[in-house]
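Per-entry structural report
Read off the chains here:
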Amino acid sequence: MKKFNITYFISFVIIISLNFVLGSSNLFAQTKKAKARINVDYVKVMDGEHYLNIKASARINKKTVVVSDIELSILQEFNDEEIEIGTTSTDASGMGKFIINNFEDLQPDSLGVYDLIVSFAGNELFKKSSKDVSFRNADINVEWIVKDSINYVNAKLIDTQMDSAIAEMPLVVQVERLFRPLVIGEDSYETDENGEIEVAIDDDIPGIDGNLDLEVVLSESDDYGSIIAKLAAPIGTVIVEESTFDQRTMWSPRGKTPIFLLALTYSFVFIVWGIFIYLFFNLIRINKS
Amino acid sequence: MKSREQFIQDLAPKKFTKAEKIWLGLLIIVIFAGFLAYVDQVRSGLKVTNLNDYALWGIYISNFVFFIATSFVGAATVAILRLTKNAWRTPLVRIAEIISLAAIIMAGVTIIIDLGRPDRALYTIIYARFQSPITWDVIIIPTYLVAIFFLLYFPLLPDLAILKEFYNKSNPRLSKWYGKLSLNWKGSTVQKALQQKSIKIIAVLVLPLGLILQTIDAWLFSSTYRIGWNSTNFGPYFISGAFVAGVGTLVVTIYMVRKVKGLEDYITDYHFDKLGKFLALACLIYLYFNANEYLMPAYASTVNEEVHLDTLFTGHYSTIFWFVTIGGLVVPVILLMFKKGRKPLAMFWIGILVVLASWWKRYIIVTPTLLHPYLPIQGVPESWRDYFPSLHEWLITGSNLATALLILTLLVRYLPVVAIQRTIDESELENNGQIGES
């Protein structure tokens, strides 16, 4: 064990020395203010929320680090005026989300473009910075149709301001899943001159009770941001859930312990402790005899 | 041939000597320091330890497994030697029973110390889930404790009656206690029949209970899907390991008791020689299970096993691993092969080596596995990649070991460590040309 302790001692001394040297350089680095970089994506969920996905990061010592717990103001730029529409902050992973509660109150410019600015006022560690995001309002109208006993998803992308179809835009068709969506068919489908796509859905995709939660997504478009349209359709294969929830198994809660285990444990306890009681009475009999 | 009075005079418990009082004082100081650390742990929570989400079982569980292993010595020596009718067991079994009792009490205490909320310990019974090995442990530990108590108490009855008479004039108060505890033992035919029957029952019962205790302890680990634990070998591996830890502790204790109490006439070189062979056998069996436990995974060399075994063979824990394997098993076997190695003093040092190695063995069973989970360690503090016990943990561990030694010391002080009546009976039978096997 002597060698073991010496090894620990030497490691300790080295770690302390390294910490002294490296620790001091970190302190030096923190005296300079870094610039917070802000990335913003606009996301619209059809018949749902409009929101901004925000990510803040910075380059410190040639490494990209997340910038957490900073206050951000969200402004709308309209007629050379900046009007604050709300605030948000980043979490421990540098991510923030701002839900635009009253999208109808936002004013587009004459070309139908919405201009929003995410602004950071700066603090003792980071310089002030901002990022603007511009987008036009668009809709994806999605429906489920059947042709020749084959199920299709039909989606149409429309510019709401111009009330016109948007052609040559990539749309992804996917099924919602627990960890990440399952993409159907090709990676994406380009809209035709009518702004439409039509994608066949295989009938062997499993879903709870045969229901599929389909999504058609326009992803991070320069003009329109991201748009997600959802559609529930009973066109999947029914999942037969082999649940042992109501059965007595080794992984059940204590109220559903397997009978054999209860019998074994109780038998053991009653037999052994029964013998103990017998031995205890023997002690009493010895005392009395 | 010694007279009955001489036997009683030799074997009756004696007052603490000055050295024993100093020993007792040291134990109390260590216990007190550990108690203060434990109070702080209860107040502040387990944050005072170096346990974390990865090393969630640390030194406390190592102590627990060590105490469980050591407690096996009662079942192993008493039951095995009794059932195989080995007459040389007589001066050894009571000490083995006392060690077992102290160890199993401390195993129960240690597991409560490991709880962040000891006030919720009762929940393990109130909300017991029988599918969990932890519940099996909660059942078997008190059961084994009661069995060991009976195993110690029934053979004590005649000796307690003898001590009642012996201290009648010199220490009436002590005599009164011995009288109460002897349950009016007169040595009547009915009493002897009841006692012998009870001893036979408990001797037969304690061996399976000891095996179940060790196996459940092993299953706490092997039922967990982790590298180095999820092994079908673990039950016998733990039983053989317990054999080594228990007999090693017995050797050290017997040497100390013999020296301090002046029992050289009763615990002779012959007993150490026999015990040495017993220990060598235990070490060899354990070596065999160690080979199974490490060589097969090393041969298969799956990625995760390789990382784990590298840590043990050549990495961070290699010093402890080789000390445990070479120092704690191979060297004792080699030394015990020679007659000189089975002499009392040599046996004492071998015993110390074995006990130390046994404790560290539990440490390297528990800790390295926890630091190599199947799911990678990601996005957590760097300190979680390693574990070394904090000062609180060391103080509480020291206190646990000291408490076990305190229980041992007090029992050795007030109980006859060599069975008086049985020694007298055997001496008479020996003189009549027979050797008692009851």
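Residues numbered from 1 in each chain as written. Chains lettered and ligands numbered in written order. Predicted model: local features only at pLDDT ≥ 70, side-chain atom pairs only at ≥ 80, totals over all residues.

**A few points about the overall build of chain B**
From N to C terminus, chain B includes 15 helices and zero strands. The C-alpha radius of gyration of chain B comes to 23 Å, within 12% of the 22 Å expected for a compact globule of 438 residues. When burial is assessed residue by residue, chain B has 45% of its 438 residues classed as buried. In chain B, of all internal contacts separated by at least 6 residues, the share reaching a separation of at least 24 is 82%. (Helix = DSSP H or I, 4+ residues; strand = E, 2+ residues; numbered from the N terminus. Rg over C-alpha atoms; globule rule 2.2 N^0.38 Å. Buried ≥ 20, exposed ≤ 12 C-beta atoms within 10 Å, placed from the backbone. Contact = placed C-beta atoms within 7 Å.)

**A look at the overall build of chain A**
Broken down by element type, chain A carries two helices and 21 strands. For chain A, the share of sequence-separated contacts (at least 6 apart) that also reach a separation of at least 24 residues comes to 54%.

**Remarks on the interface of chain B and chain A**
The interface is formed by 25 residues belonging to chain B together with 21 residues belonging to chain A. For the side of chain B that touches chain A, the secondary structure elements donating two or more residues are α6 (133–166), α8 (189–222) and α12 (318–337) of chain B. Element by element, the count of residues in the side of chain B that touches chain A is highest for α8(B), at eight residues.

**Structural notes on the environment of I70(A)**
Residue and element names in this part refer to chain A. Along the chain, I70 falls in the loop between β4 (63–66) and β5 (71–78). Look at I70 and you get buried, because 20 C-beta atoms sit within 10 Å. Remark: the alpha-carbon pair of I70 and S89, spanning 19 residues in sequence, is separated by 5.3 Å. Those residues within four positions of I70 in sequence are excluded, and the remaining contacts are A36, A56, S89, T90, F120 and N123.

**Observations regarding the packing of helix α1 (residues 4–11) of chain B against helix α15 (residues 420–431) of chain B**
Residue and element names in this part refer to chain B. Across the interface, α1 lies against α15 with an axial gap of 10 Å and an inter-helix angle of 145°. Considering how the two elements wind past one another, α1 and α15 form a crossing that is right-handed. Of the residues in α15, those in contact with R4, F7, I8 and L11 of α1 are I420, T423 and I424. Of the residues that constitute the contact of α1 with α15, the class distribution is five nonpolar, one polar and one charged. (Axes fitted to C-alpha atoms, helices over the stretch in contact; angles between N-to-C directions. Left-handed = near helix turned anticlockwise from the far one by under 90°. Nonpolar A, V, L, I, M, F, W, Y, C, P; charged D, E, K, R; others polar.)

**What about the sheet that holds β5(A)?**
Residue and element names in this part refer to chain A. Strand order in the open sheet made by the four strands is β6-β5-β8-β10, with antiparallel pairing throughout. With partners counted over all chains shown, the strands left at the sheet margins are β6 (81–89) and β10 (129–136), one partner each. Each adjacent strand pair in this sheet contributes to an overall mean axis angle of 25°, direction not counted. Here strand β8 (residues 113–120) pairs with β10 via eight bridges, running antiparallel. Of the residues in β10, the one forming a bridge with I117 is D132. (Pairing = 2+ DSSP bridges.)

**A few points about the nonpolar core**
Formed by 130 residues in total, the largest nonpolar core has its most connected members in I202(B) and V206(B). At 18 residues, the largest contribution of residues to this core is made by α6(B). Residues I54(A), L157(A), I166(A) and V172(A) belong to the second largest nonpolar core, which totals 45 residues. (Core = buried A, V, L, I, M, F, W, Y, C linked by C-beta atoms within 7 Å.)

**Side note on the pairing of strand β12 (residues 150–159) of chain A**
Residues and elements named next belong to chain A. Of the strand pairs in this sheet, strand β11 (residues 138–147) and β12 are connected by 10 bridges, and their pairing is antiparallel. Bridge pairing links A138 to D159 in β12. Once β11 ends, the chain turns through two residues before running back antiparallel as β12, passing D148 with a positive phi of about 50°. Note that β12 and strand β17 (residues 196–201) share six bridges and pair antiparallel. Among the inter-strand pairings, A155 is bridged to a residue of β17, identified as I197.

**Concerning unusual backbone geometry**
The backbone of D80(A) sits at a positive phi, close to 60°, despite the residue not being glycine. Residue position: D80(A) is located in the loop between β5 and β6.

**Notes on the confidence of the model for chain B**
Of all residues in chain B, 98% have pLDDT values of 70 or greater, and the mean over the chain is 91. With pTM at 0.73, the complex prediction returns an ipTM value of 0.91. (pLDDT = per-residue confidence, 0-100.)

**Notes on the domain arrangement of chain A**
All names here are of chain A. Here chain A is described as being made up of domain 1 (34–136) and domain 2 (138–238). With centres defined by C-alpha atoms, the gap from domain 1 to domain 2 works out at 28 Å. Taken together, the contacts link 10 residues of domain 1 with 15 residues of domain 2. Sorting the residues of the side of domain 1 that touches domain 2 by element identifies β2 (37–45) and β10 as the ones contributing at least two each. (Domains from an automatic or database assignment.)

**Things to note about the environment of L56(B)**
Residue and element names in this part refer to chain B. With respect to the helices, strands and loops of the structure, L56 is situated in the loop between α2 (18–44) and α3 (59–83). The sequence separation of L56 and D114 amounts to 58 residues, and the corresponding C-alpha distance is 9.8 Å. Look past the residues within four positions of L56 in its chain and what remains in contact with it is L51 and L370.

**Observations regarding the packing of α12(B) against helix α13 (residues 344–370) of chain B**
Residue and element names in this part refer to chain B. Closest axis-to-axis distance for the α12/α13 pair is 9 Å, and the angle between their directions is 150°. If you check the angle between α12 and α13, you find them roughly antiparallel. Classified by chirality, the crossing of α13 by α12 is left-handed. Across the interface between the two elements, I320, F321, F323, V324, G327, G328, P332, L335 and L336 from α12 touch A346, I350, L353, V354, A357, S358, W360, K361, Y363 and I364 from α13. Of the residues in the contact of α12 with α13, the class split is 15 nonpolar, three polar and one charged. (Parallel < 35°, antiparallel > 145°, perpendicular 65-115°, else oblique.)

**Examining the confidence of the model for chain A**
Averaged over every residue, the pLDDT of chain A is 88; residues scoring 70 or more account for 89%. Long-range and interchain partners of residues 20–29 of chain A, a stretch whose pLDDT sits below 50, account for two contacts in this model, where long-range means more than four residues apart.

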